[in-house]
Amino acid sequence: MAGQLPSPSAALSHHASPTTIPAFPPRTATATLRDLSDLCRGGGATFSSRVGSSFQRAMQSLAPKCAPVTDISVDQSMENVKLPKGDTWSIHKFGGTCVGTSERINNVAGIIVGDESERKLVVVSAMSKVTDMMYDLIQKAQSRDDSYVAALDAVFEKHRLTATDLLDGDQLLSFLSRLHNDISNLKAMLRAIYIAGHATESFTDFVVGHGELWSAQMLSFVIRKKGFECQWMDTRDVLIVNPTNSNQVDPDYLESEKRLDLWFSQNEAKIIIATGFIASTPENIPTTLKRDGSDFSAAIMGALVMARQVTIWTDVNGVYSADPRKVSEAVVLKTLSYQEAWEMSYFGANVLHPRTIIPVMRYSIPIIIRNIFNLSAPGTMICQPSSDKNGYDQHVETPVKGFATIDNLALVNVEGTGMAGVPGTASAIFSAVKDVGANVIMISQASSEHSVCFAVPEKEVKAVAEALQSRFREALDAGRLSQVAVIPNCSILAAVGQKMASTPGVSATLFNALAKANINVRAIAQGCSEYNVTVVVKREDCIRALRAVHSRFYLSRTTIAMGIIGPGLIGGTLLEQLRDQTAVLKEEFNIDLRVMGITSSKTMLLSELGVDLSKWKDQLAEQGEDADLQAFVQHVHGNHFIPNTVIVDCTADSYIATHYYEWLRKGIHVITPNKKANSGPLEQYLKLRALQRQSYTHYFYEATVGAGLPIISTLRGLLETGDKILSIEGIFSGTLSYIFNNFKGGRYFSEVVAKAKQAGYTEPDPRDDLSGTDVARKVIILARESGLKLELSDIPVKSLVPEPLRASASPEEYMQQLPEFDEDWAKKRQEAEDAGEVLRYVGVVDVVNQRGRVELRSYKKDHPFAQLSGSDNIISFTTSRYKEQPLIVRGPGAGAQVTAGGIFSDILRLASYLGAPS
């Protein structure tokens, strides 16, 4: 029956027949003396004589503890006092940090007496660092390092000072007397170890368990000092476990239940302070509950008394949706199911050890994780989720509850055609792994049986690979196995959630988020319970992967690292818009846009956390460094804590545009109003578009054609829905729209151009606008988007700059000579007016005839193009669906505000694609 939980009925009833056990089994002293005797026998007669008085003193000091104890019948002892079980009990566990100082021990006592539960059983760890100090004593002694004596004195002094702060009078004298006696015994034992040069595991367990004994005694005295009845329990008198290997023990619940009943019959109290971490074997040999043993102690005690709840006090607010050191936006989860907590703890989340959950699951006892330093935080409750009448879990709000990672792993891949359909291959593989003592973290195998891959700790992979090479040498030489390959530098990312099993598309969402963050998945595993989906990624990608999937499941903001190139008129306006909208985007749309760098052609400003956009101009001037485009991009993209990166090119520089392909290949998104890439060499454009289609990296350029107008998106919408583009015609230049909208009445052409230049509508040299090259670039962009493979040189352009003025030395000289041609322009205007028309400078994409052009045209006054005002642009789409009445897009097509707004819109579209809620 060892290792089994008592049934609820058995736990609530006495045993039918009398059972006799020792009242206080003298296992501690007996086992220790036997251990020391074994040490002596191991060294022979010569060794025994060398131990001499140290061993004798240790035996003499412990001898009184070994006196025979009269057996007491369980039934007789419990005639008057029975151990009550059920909801009257509340279990608390306080870790070493919680009892690390006298002040914290006082705080713990306050929490205990403040709990209004009828009965309280409190499990305590050793004071912070004490367990490490005790292990260090063993290490020093068996290494024959004389400093173990001073180290033991430091242990004594730490507890003496703490007790002096907390206690006084008889309580202080009583504790110090016990402490002195324990330290003296330990000194004699350690001396024997020093001479022997080694210590057995059971002896080590006995020594290190003293930290819990001392903290439990001190806390019990403090509670009594506050006026409450209290008993302290050495759990080695109660908890019986069966060691299975060096890192695992199985509780014997039935025997532990008997001993707890007996202990309580002799030590009745409503507040019990019990030692965590330590227990005994069935042979009464001291042992420990291994890793996270105090949590395990609390869970076992909770099951034994069928408590109302078990509260684990720690130094965090609860269980987080991800490691908050890696994901700053990680949230504290209100509830977890036992299965979810189990899965997350296995994959390294700071929850509980999986075995801690086992004792409480059978009786559906909730475990609450709370922060002793933040009592206002409700913490996380681990429990059996309640269900509504349809069986749906009401507590689980999202399919994925949280994410956990394990680093420093390696993948081992055993591959070969000879594996398919051969029974026993997997058994042979994992038998070889077991023989070297390696721990397999994850296993993945395709249904073809062509390969088996599994993850092991990186420190163990060399031994594993050598064992497999040896085990399968014959198969490798014969070609039945092609390789035993090791893939180092891996990490595991696990998504955990009980509702994943009933929610379609969770895996699709997970992998979509990883793809959009440009994360390559090396291996995948998922159990049929669907509580967990595990992926293996490169170690350097792990944090980005974690942040990407965390954001995608709405547990945190969609965070994008931004690099702004060209903080001139348009770039500067964009930065101002970002400054004004950042807070709103965070709070209302869950989007976090962080400008990690700003660079001009000469100076760049870099930030680790994000540039303060209210001071960027001053910071660029005062803290800027020499511009280096490669270093700039590396900085913006190199922040592994932000999964998504975008470079926003606000220049018109062709050199910057040549880097787009390289950036997109690295997983960096690109947004730009720069027309040079899409209107440059056709081959470069086609490579960019092909890369964009093949990857999850995005390249947005809406502002290249219509500033803030939805020209590109409208065209794509038509094409994607199956419409056929016949022609696109439009006034694409806000500058030329302004000029021709105002070139009427008796006004001279040179006068209108001068006014446009004065108002800032033109480039510093108006010829850059009047040449028509900018319009031609927009035409070629739309032509290519429509499927035409044209070069910029294929577009005939009617320049508005008179031939004699194209060679003018300066813009000023050009403006001075322009009036000489006013008469020619007046004649053209008059001809149009005589025909009832107006002049407009337009670009045309003739898809049917696969050509484009830029020219001056005249339109009837009732034509949409004739009805513009100001600097508005207008674009007309004639398609199969919009043949009789073309689709018109009209609005402001020039100016820093609308162009920056178009770029901003692309940034938000990117955020939406990356997982921000719409």
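See the structure shown above.
Just so it is clear, the structure is predicted and the values come from calculations on it, not from any experiment. (Residues numbered from 1 in each chain as written. Predicted model: local features only at pLDDT ≥ 70, side-chain atom pairs only at ≥ 80, totals over all residues. Heavy atoms only, no water.)

Novice: How do you make sense of the overall build of the protein when you look at a structure like this?
Specialist: When its secondary structure is counted, the protein shows 34 helices and 32 strands. In the protein, buried positions account for 55% of the 918 residues. In the protein, 74% of the contacts between residues at least 6 apart in sequence involve partners at least 24 apart. For the protein, the exposed area adds up to about 39,100 Å²; of that, 48% sits on carbon and sulfur atoms. (Helix = DSSP H or I, 4+ residues; strand = E, 2+ residues; numbered from the N terminus. Buried < 20%, exposed > 50% of the residue type's maximum accessible area, 1.4 Å probe, protein only. Contact = heavy atoms within 4.5 Å. Areas by Shrake-Rupley, 256 points an atom, 1.4 Å probe, with all protein chains shown as cover.)

Novice: Explain the packing of helix α12 (residues 338–346) against helix α13 (residues 354–361) to me, please; I cannot follow it from the model alone.
Specialist: Axis angle and axis distance: for two packed helices, these are the angle between their axes and the distance between the axes, and together they describe the pair. Between α12 and α13, the least distance of the axes is 9 Å, while the angle of their chain directions is 165°. Here α12 is positioned roughly antiparallel relative to α13, judged by the angle of their axes. By crossing handedness, the relation of α12 to α13 is classed as left-handed. Residues Y338, Q339, A341, W342, S345 and Y346 of α12 form the contact with α13, whose own contacting residues are P354, I357, I358, V360 and M361. Split into classes, the residues belonging to the contact of α12 with α13 amount to 9 nonpolar, 2 polar and no charged. (Axes fitted to C-alpha atoms, helices over the stretch in contact; angles between N-to-C directions. Parallel < 35°, antiparallel > 145°, perpendicular 65-115°, else oblique. Left-handed = near helix turned anticlockwise from the far one by under 90°. Nonpolar A, V, L, I, M, F, W, Y, C, P; charged D, E, K, R; others polar.)

Novice: How should the pairing of strand β15 (residues 402–415) be read in this particular structure?
Specialist: Along β15, 11 of the 14 residues are buried, which leaves the element largely enclosed by surrounding structure. Pairing between β15 and strand β18 (residues 483–496): 11 bridges, direction antiparallel. Across the sheet, L409 pairs through a bridge with C490, a residue of β18. Judged from the 7 bridges that link them, β15 and strand β17 (residues 451–457) form a sheet pairing that is antiparallel. (Pairing = 2+ DSSP bridges.)

Novice: Explain the pairing of strand β16 (residues 442–445) here, please?
Specialist: Side-chain direction in a regular strand flips from residue to residue, so the side chains alternate between the two faces of the sheet. A one-sided burial pattern is seen for β16, the buried positions being M442 and S444 and the unburied ones I443 and Q445. One ladder, built from 4 bridges, connects β16 with β17; its direction is antiparallel. Its bridge partner lying in β17, S444 is registered against C453.

Novice: What's the story with the environment of T534 in this structure? I'm lost.
Specialist: The residue T534 is located in strand β20 (residues 532–538) in this model. C-alpha separation for the pair T534 and A494, spaced 40 residues apart in sequence, amounts to 4.4 Å. Discounting chain neighbours no more than four positions away, the residues touching T534 are F347, M442, I492, L493, A494, A523, I524 and A525. In this structure the side chain of T534 is engaged in a polar contact, spanning 2.6 Å, whose partner is the side chain of N532. (Polar contact = N/O pair within 3.5 Å; in protein donor to acceptor, adjacent residues only side chain to side chain.)

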